[in-house]
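# What the coordinates show
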Amino acid sequence: MSVFNAMAARAIPWIPRTLVRKISRRYIAGATLDEALERVRFLNANGFSATLDVLGEAASSFAQARRATDDTLRVLDAVHAGALRSTLSIKPSAFGLLLDVERCQALLEEMLSTAGRLGIAVCFDMEDVTCTQREIDLFLALKAHHPNVELALQAYLLRTPGDLGRVLPFCSRVRICKGIYREAPEHLVEGADRDRVAINTHFLAHIARCFTAGVFVAVATHDAALIAQVIALARKTDTNPAAFEFQMLLGVCEPLRDSLRQQGFAVRIYVPFGADWYGYSVRRLRENPRIAGHVARALLDF
């Protein structure tokens, strides 16, 4: 990471909101559901499936959690009505996980029942370590009655091998990602706080366990070297390409995304949308200083 990019990432709060919005149009479908559905239709027409995510922070009240539930119900109805190839990704904290687990579970039961009736899968995106255990417990509690619920696990956490062993017997699908939250080093695999490449060995080991268990795995990464290793592992273990898919963020690494699709691999695009476009954009820029550097250079050209 260059010094310029690092400085740009720290300067994000002072970047004009209008410029952040201009940059964000590439990787956020829009502020409304109609805009998101249009983007999903385009992706489907070009051979990609999608997963929709209504942007928002952790609920600070159950009125807010109720609104999040209603928003996702509208998404589910629209996906079904449009016969779109899209799942739904949610963050349990938006449904009140950090307020009251039982009330959160009741809201999720309602949403998952609708999703199940409509034949739509729902993935719990993993959040920071304050949520990890609660999310896994919630997933296991719901899975018995809602086979359409899926779970994401983060390869950079030390605890993930144990978590994967716990959930694999109950999973039909699992999502493996590197992990994006800033965590204390004691929670992370060695070197993960200094070098993202240090996560790759662990990531690949988790994928291998899913292949061995016969559990469908979503490989969520933009790391071209890691993707090549996953493909090599699938060939070495004679794993059918139908047993996994690659997942990538909207607007990120599009040439790699297109290449994978052209090679015959399934690719699902994560499509975020909603009123919280600015908060999401700022988080993504902080996570990826290289993008922040591009934004800063655009500012200097004004």
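Since we're looking at a predicted model, the values are computed, not measured.

So, how was this worked out
- Residues numbered from 1 in each chain as written.
- Predicted model: local features only at pLDDT ≥ 70, side-chain atom pairs only at ≥ 80, totals over all residues.
- Heavy atoms only, no water.
- Helix = DSSP H or I, 4+ residues; strand = E, 2+ residues; numbered from the N terminus.
- Buried < 20%, exposed > 50% of the residue type's maximum accessible area, 1.4 Å probe, protein only.
- Contact = heavy atoms within 4.5 Å.
- Areas by Shrake-Rupley, 256 points an atom, 1.4 Å probe, with all protein chains shown as cover.
- Phe/Tyr/Trp six-rings, centres within 6.5 Å; stacked < 30°, edge-to-face > 60°.
- Axes fitted to C-alpha atoms, helices over the stretch in contact; angles between N-to-C directions.
- Parallel < 35°, antiparallel > 145°, perpendicular 65-115°, else oblique.
- Nonpolar A, V, L, I, M, F, W, Y, C, P; charged D, E, K, R; others polar.
- Pairing = 2+ DSSP bridges.
- Lys, Arg positive; Asp, Glu negative; His and termini not counted.
- Salt bridge = Lys/Arg side-chain N within 4 Å of Asp/Glu carboxyl O.

### Quick notes on the overall build of the chain
When helices and strands are tallied, the chain shows twelve helices and eight strands. Going through the 302 residues of the chain one by one, you find that 52% of them count as buried. Of the contacts formed within the chain by residues at least 6 apart in sequence, a portion of 74% connects residues at least 24 apart. Summed over its atoms, the accessible surface of the chain is roughly 14,200 Å², and 55% of this surface lies on carbon and sulfur atoms.

### Let's talk about the packing of aromatic side chains
Tallied over the entire structure, the rule returns four aromatic pairs. Each ring, one from F244 and one from F246, has its centre 5.8 Å from the other, and the planes form 85 degrees; the classification is edge-to-face. Across the pair, F246 and F244 agree in class, each one buried. Centroid distance F246 to F265: 5.7 Å. Interplanar angle 85 degrees. Geometry classified as edge-to-face.

### Describing the packing of helix α6 (residues 129-143) against helix α7 (residues 160-167)
At a minimum axis separation of 11 Å, α6 and α7 run at an interaxial angle of 10 degrees. Classified by the angle between their axes, α6 and α7 sit roughly parallel to one another. The residues of α7 that touch α6, namely those facing T132, Q133, I136, D137, F139 and L140, are D163, R166 and V167. Partitioned by chemical class, the residues of the contact of α6 with α7 number four nonpolar, two polar and three charged.

### As for the sheet that holds strand β2 (residues 86-90)
Ordered in space as β1-β2-β3-β4-β5-β6-β7-β8, the eight strands form a closed barrel in which the pairing is parallel. Averaged over all neighbouring strand pairs, the angle between strand axes comes to 30 degrees, with direction disregarded. Sheet topology places strand β1 (residues 49-54) next to β2; three bridges connect them, and they run parallel. Looking across to β2, one finds that A50 is bridged to S86. Its contacts with the sheet place helix α4 (residues 62-81) against β1, β2 and β8 (267-273), and it is angled at close to 170 degrees to β2.

### Remarks on unusual backbone geometry
Although it is not a glycine, A83 adopts a positive phi angle of roughly 50 degrees. Looking at the secondary structure, you find A83 in the loop between α4 and β2. Phi is positive for C253, which is not a glycine, with a value near 50 degrees. Checked against the element boundaries, C253 lands in the loop between β7 (244-249) and α10 (254-262).

### Some remarks on the side chain of D53
Within the secondary structure, D53 is located in strand β1. Buried and without a salt bridge, D53 has K91 as its closest oppositely charged side chain, separated by 4.1 Å. In contact with D53, other than residues within four places in its own chain, are S89, K91, Y270, V271, P272 and F273.

### Comments concerning the pairing of β8
Counting buried positions along β8 gives seven out of seven residues, so the element sits mostly inside the fold. Residues V267, I269, V271 and F273 of β8 are buried on one face, and the alternating residues R268, Y270 and P272, pointing to the opposite face, are buried as well. Pairing of β1 with β8 involves six bridges; the strand directions are parallel. Residue T51 lies in a different strand from β8, and its bridge partner there is Y270.

### Details of the pattern of salt bridges
Where charged atoms from two side chains of opposite charge come close, those side chains can pair. For the structure shown, the criterion picks out 15 salt bridges. Linking D70 and R66 is a salt bridge whose minimum nitrogen-to-oxygen distance equals 2.7 Å. Remark: R66 and D70 occur in helix α4; sequence separation between them is four residues, near one turn of the helix. Taking relative accessible area as the criterion, R66 reaches 29% and is therefore assigned partly exposed. The partner of D163 in a salt bridge is R159, and the shortest N-O contact between them spans 2.6 Å.

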